[in-house]
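# Secondary and tertiary structure notes
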Amino acid sequence: MKIAIASGKGGTGKTTLSTNLAAFFAENEELVLVDLDVEEPNSGLFIKGDAVKTEEKYKMIPQWNQDSCTLCGKCQQNCNFHAVIFLKTQVLVFPELCHSCYACSELCPTGALPMVAQRMGQLKQIKKEKLNFIESRLDIGQEQAVPLIGQTLEYIDQNFPKETIKLLDSPPGTSCPVIEATKDADFIILVTEPTPFGMHDLRLAIETMQSLNKEFGVVINRDGIGTNDIDNYCTENNIPILARIPNSKKLAEIYSKGELTYKKFPAFENELQKIKTYITNLKIS
Ligand code: SF4
Ligand code: SF4
């Protein structure tokens with residue numbers, strides 16, 4: 001079972017929820033927490049354990065071979081991402097724009113654009129008792145999160161049993177990285193906060209999940225501040241509110257020290273139990 005934790009914007013408490021929920025679940029059963037916010041992973045600040053594995057991750061990029069090129073220009077026509085430019089006397093490849101689709105390489109009449117591996121980042125696996133933590137991080141200068149997210153999800157599928165619960169800490173926003181991170185999830189938890197910005201971004205996140213035909217529920221972080229707009233919206237649209245994380249200075253102080261908070265904050269632990277009960281009772285086909 002894959003449960004993605006997402007939000008319309010950053011800073012809503014997604015990492016707080018992901019790390020604490022993972023540790024809470026792992027008190028009783030094997031669980032996998034995956035940080036898919038590969039541009040800026042930070043769940044690892046809260047999960048300390050033994051290093052199990054490190055893997056370099058690569059993506060395939062075409063490399064121009066001048067000797068076999070006939071300067072026909074077809075590669076530029078075949079690239080939908082403007083990652084190959086034909087300049088009459090040479091071909092330029094822009095790896096940061098390349099989506100590794102192989103079109104230019106396979107359609108080159110002389111095989112002058114072989115695909116070669118280029119490092120894009122690193123995956124780390126950590127274990128702390130029943131909690132398996134996977135973090136992928138893009139190298140500095142790499143601009144495409146989607147290939148690394150895809151490879152990280154493949155790693156999860158290959159290394160953990162299907163029935164193990166996987167919590168996917170997804171990138172914020174509603175663009176390609178969050179779609180890649182959530183597209184195979186069985187259920188989405190959308191984290192928001194009761195402010196006008198939270199309401200605005202929650203609507204966008206809900207539209208995205210509806211377009212993917214995903215089942216989802218909402219967790220309200222910093223409950224007690226702002227307005228009731230999110231409550232009203234969820235009631236009107238039949239969207240379940242799974243839990244409410246109280247707005248608390250004490251909770252923020254513990255978080256700022258890089259510690260898991262729920263053990264020191266029973267009201268938060270009660271809310272995690274509500275989410276666990278909801279997830280456990282989900283009927284996943
Ligand atoms: S398609 Fe192949 S042969 Fe034609 S310009 Fe591009 S690299 Fe050269
Ligand atoms: S592999 Fe695809 S995206 Fe990359 S340069 Fe070739 S055609 Fe463009």
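Residues numbered from 1 in each chain as written. Chains lettered and ligands numbered in written order. Predicted model: local features only at pLDDT ≥ 70, side-chain atom pairs only at ≥ 80, totals over all residues.

## Remarks on the overall build of the chain
Assigned secondary structure in the chain consists of nine helices and 11 strands. When its C-alpha atoms are laid out on the principal axes, the chain stretches across 70 × 45 × 40 Å. Of all 285 residues assigned to the chain, the portion counted as buried reaches 41%. Residue pairs at least 24 apart in sequence account for 74% of intrachain contacts in the chain once pairs closer than 6 positions are excluded. (Helix = DSSP H or I, 4+ residues; strand = E, 2+ residues; numbered from the N terminus. Buried ≥ 20, exposed ≤ 12 C-beta atoms within 10 Å, placed from the backbone. Contact = placed C-beta atoms within 7 Å.)

## With respect to the packing of helix α1 (residues 14-25) against helix α9 (residues 266-280)
It is the contact of α1 with α9, at a shortest axis distance of 10 Å, that shows an interaxial angle of 75°. By the criterion of interaxial angle, the relationship of α1 to α9 is roughly perpendicular. In this structure, α1 uses N20, L21, F24 and F25 to contact α9, whose residues at the interface are F268, E269, L272, I275 and K276. Tallied by class, the residues present in the contact of α1 with α9 amount to six nonpolar, one polar and two charged. (Axes fitted to C-alpha atoms, helices over the stretch in contact; angles between N-to-C directions. Parallel < 35°, antiparallel > 145°, perpendicular 65-115°, else oblique. Nonpolar A, V, L, I, M, F, W, Y, C, P; charged D, E, K, R; others polar.)

## Let's talk about the site of ligand 2
In the vicinity of ligand 2 lie 15 residues, with C79, A83, C98, C101 and C104 positioned nearest. A total of three residues in the shell around ligand 2 trace back to one element, the largest contributor, which is helix α3 (residues 103-107). Taken together, the residues that form the shell around ligand 2 break down as 11 nonpolar, four polar and no charged. (Near = placed C-beta within 6 Å.)

## Regarding the site of ligand 1
What surrounds ligand 1 is a group of 15 residues, the closest being C69, C72, C75, C108 and A112. When grouped by side-chain class, the residues that make up the shell around ligand 1 number 11 nonpolar, three polar and one charged.

## Description of the packing of helix α6 (residues 196-211) against helix α7 (residues 229-236)
Direction vectors running N to C along α6 and α7 enclose 30°, while the axes themselves pass 9 Å from each other. Judged on the interaxial angle alone, α7 and α6 are roughly parallel. Where α6 abuts α7, its residues G198, M199 and L202 lie against D229, I230 and Y233. When its residues are assigned to classes, the contact of α6 with α7 shows four nonpolar, one polar and one charged.

## Examining the sheet that holds strand β11 (residues 241-246)
Read from one edge of the open sheet, nine strands run β3-β6-β7-β2-β8-β1-β9-β10-β11, paired in mixed fashion. This sheet does not close on itself; its edge strands, each paired only once, are β3 (50-62) and β11. Direction aside, the axes of adjacent strands within the sheet are offset by 20° on average. Pairing geometry for strand β1 (residues 2-6) and strand β9 (residues 187-192), over four bridges, is parallel. Each residue of the ladder has a partner; that of A6, found in β9, is L190. Set on the sheet, helix α4 (residues 146-159) makes contact with β2 (31-35), β3, β6 (115-128), β7 (131-138) and β8 (165-169); between it and β7 the angle comes to about 155°. Running at roughly 165° to β9, α6 makes contact with β1, β9 and β10 (216-223) of the sheet. (Pairing = 2+ DSSP bridges.)

## A short note on the nonpolar core
Counting 56 residues, the largest nonpolar core has L167, L190 and V219 as the members making the most contacts within it. In terms of residue count, α1 provides more of this core than any other element does, six residues in total. Counting residues in hydrophobic clusters, the runner-up holds 10 residues, among them V84, V91, C104 and L113. (Core = buried A, V, L, I, M, F, W, Y, C linked by C-beta atoms within 7 Å.)

## Thoughts on the domain arrangement of the chain
When its domains are assigned, the chain resolves into domain 1 (2-58 + 121-280) and domain 2 (64-113). Between the C-alpha centres of domain 1 and domain 2 the distance comes to 39 Å. (Domains from an automatic or database assignment.)

## Points about the environment of E30
For E30, the location among the structural elements is in the loop between α1 and β2. Exposure remark for E30: the 15 C-beta atoms within 10 Å place this residue in the partly exposed category. Residues E30 and L242, 212 residues apart in the sequence, show an inter-C-alpha distance of 22 Å. The residues contacting E30, other than those within four sequence positions of it, are K130 and T164.

## A closer look at the pairing of β10
Counting buried positions along β10 yields seven of eight residues, so the element is predominantly enclosed. Across five bridges, β9 lies against β10 in parallel orientation. The residue of β10 that forms the bridge with T192 is I220. For the crossover from β9 across α6 to β10, the handedness is right-handed. Bridge count between β10 and β11: four bridges; the pairing is parallel. (Right-handed = clockwise from strand over helix to strand, strands pointing away.)

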